Amino acid sequence: MYDLNGRQWWVIGRAFVVLFCFFVVGCATTEKKVAVEDPYEDFNRRVYTFNQGIDDYISQPIVMVYDTVTPDLLQQGVGNFFTNLNNVQVVINDLLQGKIKQGTKDTGRFAINSTLGVFGLFDVAKHVGLKQNTEDFGQTLGVWGVPAGPYLVLPFLGPSTLFQGVPGATVDVLSNPVSYATALPLVQVLSAVNARSEAEESLDFIDKSALDPYTFTREAYMQWRQHLITDGQGAAQASFDELEGEIFSEESEDLELDALESELNVSVEKAQELVFSTERAEFADDDSEVDRALDLLEVELKNSATEGLAILEKNNQEEDANRIDELVDVPSPVNLDQELLVSP
Amino acid sequence: MSVGWVFLRYRYLFLLVLSCWVFSVNAAEDMTAKDVVSTFQLRLIDAMSGGSALGFDGRYSKVEVAVRESHHLTKIARIVVGKQWGKLTKAQKKLLVDRFSQLIFSSYAKFFNEFSGETFSYVSEEETRRGGVIVHTLFEIPDDEDVKFDYMMKKKGDSWRIINIIANGVSDLALKRSEYTDVLSRKGFDALIGLMEQKIVLFSKES
């Protein structure tokens, strides 16, 4: 149910899962990045929530059943089969982007896996050094210089962009053999279930780790698409350039950060010292000293927590006060005096 | 058995450990950007190797040391909130840096929880226009595709520190900045801290 196929989501997810955790999109030719365009954010967020609902109540249960009843080996075969069929689209876009050498290799990959790999069920080609490439018509448009345009979340399909994603997905559907298997609706259903199943790990990761899943998905999608369009060339340097102003900030800011860090380190060292004193007392088998050290540690931790709570409390009070000011137009003392003077 | 007795008994050992520590601190100051990255990666693999035997707390302790000694956490926390940093009070800044650091350690401890023979390998490095360095590495996963990891480095005093990690073209710093500035402007500082704390608790419970 996402514009990205399962494999693409898997690669994105894998990158994040191993990283744990991950501005802007640019033009392929200049590598200069520009801010993400999201003028339809309110609409996009509503569609995102709708898609999440569909995913939670329909897609996920289906995938759960599929994962339960289908052995891993069979799932891998199904995944390989659809990835191999997708290579028709990959080769077409290789040629449209002028990647003749890569196109030849991808044709070889498709031929080997369709024959020796039994209709693509087995990925034999990877064992002869032919890696799977990811190419689609959205990337081709990017390589041709068409801008991504505004970010869009499409119902049922997920993340996309107006000028690359929407026309790209349309051409991709037309160039994918699965689309013509109208007589075999089961194949199309299996293709969708397989794609969603492969994306499970990544979507689960986003759910768990993102502070704001919508923004996380948008940024990851836009950066990943840019990475695909540029084939990763110059991405790190472009990222550095974009953030350069903030990374190499004013000296005064660096001094402020150093001072802040020192204060935080003092707190950490203080807590560590208290832990050490507890351990030392335990080593000396002195119960009263252990109790005293633990009391001190508890006080320190309480102080730290109290400081944090005090900040939150103060912020809440300020917010409440602001809200009251907005709701009640309280006349200032000066205005009150003037009103009294004017009053008969 | 007093602490003093322990010190007298093992004073030479203490002196040896102290000299090694002083040496390691001096050595850390002379480390190149590449050295800082490879040390961090080795420590990460070490935490992963411990896996479930170490448990969440064990992995947390290991990655905390690894991240503190290689990342410029205060700077990263400052960048992810963008221009709104200037609007925060000093206490809020301290709270943000503290929770942000904890979230980073927790994330690593949560997601780097198993080892299947993965290795990091150095590819190359390049200098940026204003004196930064980008270290290019590969994360090699057996029977799987490699993941490109690029580390953006900046000098902090005498040592190099990681400012950003780009995994297969996706910038961690840029992604976090979008998320954090979005949450700050839509929901405010308290909500941001609340969300971070929720994640920290969630990560520690599930592992």
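Residues numbered from 1 in each chain as written. Chains lettered and ligands numbered in written order. Predicted model: local features only at pLDDT ≥ 70, side-chain atom pairs only at ≥ 80, totals over all residues.

Draft legend 1. Summary view of the overall build of chain A. A tally of helices and strands in chain A yields 13 helices and four strands. The 344 residues of chain A split such that 33% are buried. (Helix = DSSP H or I, 4+ residues; strand = E, 2+ residues; numbered from the N terminus. Buried ≥ 20, exposed ≤ 12 C-beta atoms within 10 Å, placed from the backbone.)

Draft legend 2. Examining the overall build of chain B more closely. Looking only at helices and strands, chain B has seven helices and five strands in total. Mapped in sequence order, the helices and strands of chain B form the string α-α-α-α-α-β-β-β-β-β-α-α. Looking at the 207 residues of chain B, the share that counts as buried comes to 43%.

Draft legend 3. Quick look at the pairing of strand β4 (residues 158-161) of chain A. Residue and element names in this part refer to chain A. Pairing between strand β3 (residues 151-154) and β4: four bridges, direction antiparallel. Looking at the pairing, Leu152 lines up with Ser160 of β4. Where β3 folds back onto β4 in an antiparallel hairpin, the turn is made up of three residues, including Phe156, whose phi is positive at roughly 70 degrees. (Pairing = 2+ DSSP bridges.)

Draft legend 4. Main features of the packing of helix α3 (residues 33-68) of chain B against helix α5 (residues 90-111) of chain B. Residues and elements named next belong to chain B. Axis separation between α3 and α5 bottoms out at 8 Å; the angle between their running directions is 125 degrees. With respect to α5, the element α3 is oriented oblique. Considering only the axes of α3 and α5, their crossing is right-handed. Contacts between α3 and α5 involve Phe56, Arg59, Tyr60, Val63, Glu64 and Val67 on the former and, on the latter, Ile104, Phe105, Ser106, Tyr108 and Ala109. By residue class, the composition of the contact of α3 with α5 is eight nonpolar, one polar and two charged. (Axes fitted to C-alpha atoms, helices over the stretch in contact; angles between N-to-C directions. Parallel < 35°, antiparallel > 145°, perpendicular 65-115°, else oblique. Left-handed = near helix turned anticlockwise from the far one by under 90°. Contact = placed C-beta atoms within 7 Å. Nonpolar A, V, L, I, M, F, W, Y, C, P; charged D, E, K, R; others polar.)

Draft legend 5. Region of the structure containing the nonpolar core. Val63, Phe100, Tyr151 and Met153 of chain B are the most contacted members of the largest nonpolar core, which totals 71 residues. Excluding its chain neighbours within four sequence positions, the residues that come into contact with Met153 of chain B are Ala33, Gly132, Val133, Val135, Trp160, Arg161, Ile162 and Ile163 of chain B. (Core = buried A, V, L, I, M, F, W, Y, C linked by C-beta atoms within 7 Å.)

Draft legend 6. Summary view of the environment of Thr32 of chain B. By the element assignment, Thr32 of chain B lies in the loop between α2 (11-30) and α3. Along the chain, Thr32 of chain B and Val133 of chain B lie 101 residues apart, while their C-alpha atoms are 9.9 Å from each other.

Draft legend 7. A look at the confidence of the model for chain B. All names here are of chain B. Residue-level pLDDT values for chain B average 85, and 85% of them are 70 or greater. Counting contacts from residues 1-27, a segment whose pLDDT is below 50, to residues more than four positions away or on other chains yields six contacts. Reported confidence for the predicted complex is 0.80 by ipTM and 0.73 by pTM. (pLDDT = per-residue confidence, 0-100.)

Draft legend 8. Looking closely at the pairing of strand β4 (residues 159-167) of chain B. Residue and element names in this part refer to chain B. In terms of residue burial, β4 counts as a mostly covered element, since eight of its nine residues are buried. Where strand β3 (residues 147-156) folds back onto β4 in an antiparallel hairpin, the turn is made up of two residues, including Gly157, whose phi is positive at roughly 65 degrees. Relative to strand β5 (residues 170-171), β4 runs antiparallel, the two being bridged by two bridges. Its bridge partner lying in β5, Ala167 is registered against Val170. With antiparallel pairing between neighbouring strands as the criterion, β4 and β5 make up a hairpin whose turn holds two residues, including Asn168 at a positive phi of roughly 45 degrees.

Draft legend 9. Here's a closer look at helix α6 (residues 165-175) of chain A. All names here are of chain A. For α6, every residue scored as buried is listed here: Gly165, Gly168 and Asp172. Take α6 and look down its axis: the buried residues cluster within an arc of 65 degrees, on one side only. Facing away from the buried surface of α6 by more than 90 degrees, the exposed residues are Thr170, Val173 and Leu174. (Arc of directions from axis to C-beta.)

Draft legend 10. Representation of the sheet that holds strand β2 (residues 133-140) of chain B. The sheet built from five strands is open, its strands ordered β1-β2-β3-β4-β5 (chain B) with antiparallel pairing. Each edge of the open sheet is held by one strand with a lone partner, namely β1 (119-127) and β5 of chain B.

Draft legend 11. Representation of unusual backbone geometry. Non-glycine residue Val118 of chain A carries a positive phi angle of around 50 degrees. Positioned with a positive phi, Asn168 of chain B is a non-glycine residue whose angle comes to about 45 degrees. Residue placement: Asn168 of chain B occurs in the loop between β4 and β5.

Draft legend 12. Representation of the confidence of the model for chain A within the structure. Residues and elements named next belong to chain A. For chain A, per-residue confidence averages 76 on the pLDDT scale, and 65% of positions sit at 70 or higher. Note that pLDDT drops below 50 for residues 10-34; the model gives that stretch 80 contacts with residues more than four away or on any other chain. When the criterion is pLDDT under 50, residues 327-344 qualifies, and its contacts beyond four places in sequence or with other chains add up to two contacts.

Draft legend 13. Layout of helix α8 (residues 200-209) of chain A. Listed as buried for α8 of chain A are Ser202, Leu203 and Ser209 of chain A. Each buried residue of α8 of chain A sits inside an arc of 150 degrees when the element is viewed along its axis, so together they form one side.

Draft legend 14. Spotlight on the environment of Lys62 of chain B. Structurally, Lys62 of chain B can be placed in helix α3. Linking Lys62 of chain B and Val80 of chain B, residues 18 residues apart in sequence, is a C-alpha distance of 24 Å.

Draft legend 15. Quick look at the packing of helix α3 (residues 72-96) of chain A against helix α4 (residues 100-115) of chain A. Residues and elements named next belong to chain A. The N-to-C vectors of α3 and α4 enclose an angle of 165 degrees; their axes lie 9 Å apart at closest approach. One way to sum up the angle between α3 and α4 is to call them roughly antiparallel. Every pair of crossing elements has a handedness; the one defined by α3 and α4 is left-handed. For the pair α3 and α4, the contacting residues are Asn84, Asn87, Val88, Val90, Val91, Asp94 and Leu95 in the first and Gln102, Gly103, Asp106, Thr107, Arg109, Phe110, Asn113 and Ser114 in the second.

Draft legend 16. Just the environment of Gly129 of chain A, in detail. Residue and element names in this part refer to chain A. Structurally, the position occupied by Gly129 is in the loop between α4 and α5 (137-143). Classification of Gly129 by C-beta neighbours within 10 Å gives exposed; the count is 7. Distance in space between the C-alpha atoms of Gly129 and Asn113 is 13 Å, their sequence separation being 16 residues.

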